[in-house]
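Observations on chain architecture
Listed below are the residues making up each chain.
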Amino acid sequence: FHARYAARSKTYRYRILSGGVSSPFERRYAWHIPQVLDCPAMRDTTVLLRGRHDFAAFQASGSSVATTERTIFRCELDGLSADASALGDGVRAGASLIAFEITGDGFLRHMVRTIVGTLVEVGSGRRDPASVEQAIQSRDPRQVGPTAPARGLFLVRVNY
């Protein structure tokens, strides 16, 4: 048994605080985006990521792996309302908590964070959702969005 190589799939969650004012309690556990993001556009884009693709465009520069093909089994985006009772004390009025969850057979270095950065560009209107599919096909890292900060990323589950 090897903890890394025996894994069948992994699930990561990335938390984004969209709009409003960020709480100091959430600062270390979510990426705060001051503007309100378009969650339906982001959700539509996640469909394009599902399945087996070559994710070379979404890997960090300088990575050395045998293959950049990965299978994404599940890719979902859940946006929660700005109701403070539902979100807890860490979220202020006018803000919404967005949880992005992705499950795959493996991930490249910084792949999840680059996917999130690209989704944020879609949600802010700076990128067309169809451009994500073009970026996957091009395998060019210049075609994807920026790498999101590490503070919102959590490993949720490893299946063996």
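The model shown is predicted, which means the values in this text are computed figures rather than measured ones.

Reading guide: rules and limits
- Residues numbered from 1 in each chain as written.
- Predicted model: local features only at pLDDT ≥ 70, side-chain atom pairs only at ≥ 80, totals over all residues.
- Heavy atoms only, no water.
- Helix = DSSP H or I, 4+ residues; strand = E, 2+ residues; numbered from the N terminus.
- Buried < 20%, exposed > 50% of the residue type's maximum accessible area, 1.4 Å probe, protein only.
- Polar contact = N/O pair within 3.5 Å; in protein donor to acceptor, adjacent residues only side chain to side chain.
- Contact = heavy atoms within 4.5 Å.
- Salt bridge = Lys/Arg side-chain N within 4 Å of Asp/Glu carboxyl O.

1. Observations regarding the side chain of Ser-131
Structurally, the position occupied by Ser-131 is in helix α4 (residues 130-138). Overall, Ser-131 belongs to the buried group, its relative accessible area being 17%. A polar contact of 3.3 Å, which involves the side chain of Ser-131, links it to the side chain of Arg-127.

2. Some words on the side chain of Thr-103
Its location among the elements puts Thr-103 in strand β5 (residues 96-104). At a separation of 2.8 Å, a polar atom in the side chain of Thr-103 contacts the side chain of Thr-11. In this view, Thr-103 contacts Ser-9, Lys-10, Thr-11, Thr-71, Ile-72, Phe-73 and Arg-74; residues no more than four positions away in its chain are not counted.

3. Structural notes on the pattern of salt bridges
The full count for this structure, using the stated rule, is nine salt bridges. Taking the shortest distance from any N to any O, the salt bridge between Arg-52 and Asp-105 comes out at 3.3 Å. With Arg-52 in strand β3 (residues 51-54) and Asp-105 in the loop between β5 and α3 (111-123), the pair connects residues that are 53 residues apart, well separated along the chain. Take Asp-105: its relative accessible area is 30%, and that puts it in the partly exposed class. Across the pair Arg-127 and Glu-121 runs a salt bridge whose closest N-O atoms are separated by 2.9 Å. Residues Arg-127 and Glu-121 agree in their burial class; the two are buried. Salt bridges linked by common partners bring Arg-13, Arg-74, Glu-76 and Glu-101 together as one network.

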